[in-house]
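As a plain string of letters, each chain reads:
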Amino acid sequence: GSPREPTPIPPRTADPYQAIVVLLLRGGFDSFNVLAPHSTCSLYRSFRNNRELLVLQPDEMLSITNDDPDQPCETFSVNSAIPIMKEMYDNGHGLFMANIGHLAKPVTKGNWFTETKTHLFSHTTMERECQLVDAFQEDGWSTGVLGRMLGVHQ
């Protein structure tokens, strides 16, 4: 075929530039190794017990303040190995969405197995469905997490 025409550069606008960047973390750099309850939060003990050897110790944590009363902790922690994440959060240029998953509808502990079409406890499946968002592709075309976020913010 013939070469495609290059996409023209859009004209400048007076609106400030904005971008949404999603970091899909894998392996040992998962959400609990980036963002965790701070050691002053009551959830830290459960976090410590469940993470065992992988737990962030208090000296490996940079505190961030949470002002959302619906969150379980007033203070969370960012891994001290990535101070840029704390800096972006503190200056209002970053936010955290941790442990998001996919459900087609609300379920309970008693009916999740029969009422879901996906493997809820499969890390690989949750990664793929987070990228697709429309895990069952009922619309024939999936926008992905960024497309869905953009749709909400427009």
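See the structure above.
Engineer: Could you give an account of the pattern of salt bridges, naming the residues involved and the relevant values?
Structural biologist: A full pass over the atoms with the stated rule returns 1 salt bridge. Among the salt bridges present, the one from Asp-90 reaches Lys-86, with a minimum N-O distance of 2.6 Å. A residue pair is termed a helical-turn pair when its members lie 3 or 4 positions apart in one helix, as Asp-90 and Lys-86 do in helix H2 (residues 83-90) at 4 residues. Lys-86 sits in the partly exposed class, given a relative accessible area of 21%.

Engineer: Can you tell me about the nonpolar core, naming the residues and giving the values?
Structural biologist: With 9 residues, the main nonpolar core is built from Val-34, Leu-35, Cys-41, Ile-64, Cys-73, Phe-76, Val-78, Ile-82 and Met-85. The contacts of Val-78, once residues within four sequence positions are left out, are Val-34, Leu-35, Glu-60, Met-61, Leu-62, Ile-64, Met-85, Lys-86 and Phe-96. Among the nonpolar cores identified, the runner-up in size contains 6 residues, and Ala-36, Val-55, Leu-56 and Met-61 belong to it.

Engineer: Give me the packing of aromatic side chains: which residues, what numbers.
Structural biologist: Scanning the model with the defined rule gives 3 aromatic pairs in all. Measuring from ring centre to ring centre gives 5.8 Å for Tyr-89 and Phe-96, while their planes differ by 40°; the resulting arrangement is tilted. Residue classification places Tyr-89 among the partly exposed residues on the basis of a relative accessible area of 23%. A relative accessible area of 23% places Phe-96 in the partly exposed class. Between the aromatic rings of Trp-112 and Phe-113, the centroid separation amounts to 5.6 Å while the plane-to-plane angle is 90°, which identifies the pairing as edge-to-face. The partly exposed category is assigned to Trp-112, whose relative accessible area is 27%. The exposure class assigned to Phe-113 is exposed, which follows from its relative accessible area of 64%.

Engineer: So what about the state of the cysteines? Which residues, and what values?
Structural biologist: Using the criterion set out here, one finds 1 disulfide in the structure. Disulfide pairing places Cys-41 opposite Cys-73 at an S-S distance of 1.9 Å. When the S-S torsion is -65°, as for the bridge of Cys-41 with Cys-73, the disulfide is left-handed. Of the two residues, Cys-41 is situated in the loop between strand E1 (35-37) and helix H1 (44-51) and Cys-73 in the loop between strand E2 (61-65) and strand E3 (75-79); the sequence distance between them amounts to 32 residues.

Engineer: Lay out the environment of Ala-104 in plain terms, naming residues and giving numbers.
Structural biologist: Here Ala-104 lies in the loop between H2 and helix H3 (112-115). Distance from Ala-104 to Lys-117, taken between C-alpha atoms, is 7.9 Å for residues 13 residues apart in sequence.

Engineer: Got a sec to walk through H1? Specific residues and values, please.
Structural biologist: Every buried residue of H1 is accounted for by Tyr-44, Phe-47 and Arg-51. Projection of H1 onto a plane perpendicular to its axis shows the buried side chains occupying an angular sector of 60°, all on one side. Among the exposed residues of H1, those oriented more than 90 degrees off its buried face are Arg-45 and Asn-50. Two residues or fewer past H1, Glu-52 is found with a positive phi of approximately 45°.

What counts, and where the lines are drawn
- Residues numbered from 1 in each chain as written.
- Predicted model: local features only at pLDDT ≥ 70, side-chain atom pairs only at ≥ 80, totals over all residues.
- Heavy atoms only, no water.
- Salt bridge = Lys/Arg side-chain N within 4 Å of Asp/Glu carboxyl O.
- Helix = DSSP H or I, 4+ residues; strand = E, 2+ residues; numbered from the N terminus.
- Buried < 20%, exposed > 50% of the residue type's maximum accessible area, 1.4 Å probe, protein only.
- Core = buried A, V, L, I, M, F, W, Y, C linked by side-chain atoms within 4.5 Å.
- Contact = heavy atoms within 4.5 Å.
- Phe/Tyr/Trp six-rings, centres within 6.5 Å; stacked < 30°, edge-to-face > 60°.
- Disulfide = S-S within 2.5 Å.
- Arc of directions from axis to C-beta.

By themselves, these figures tell us nothing about what the structure is for.
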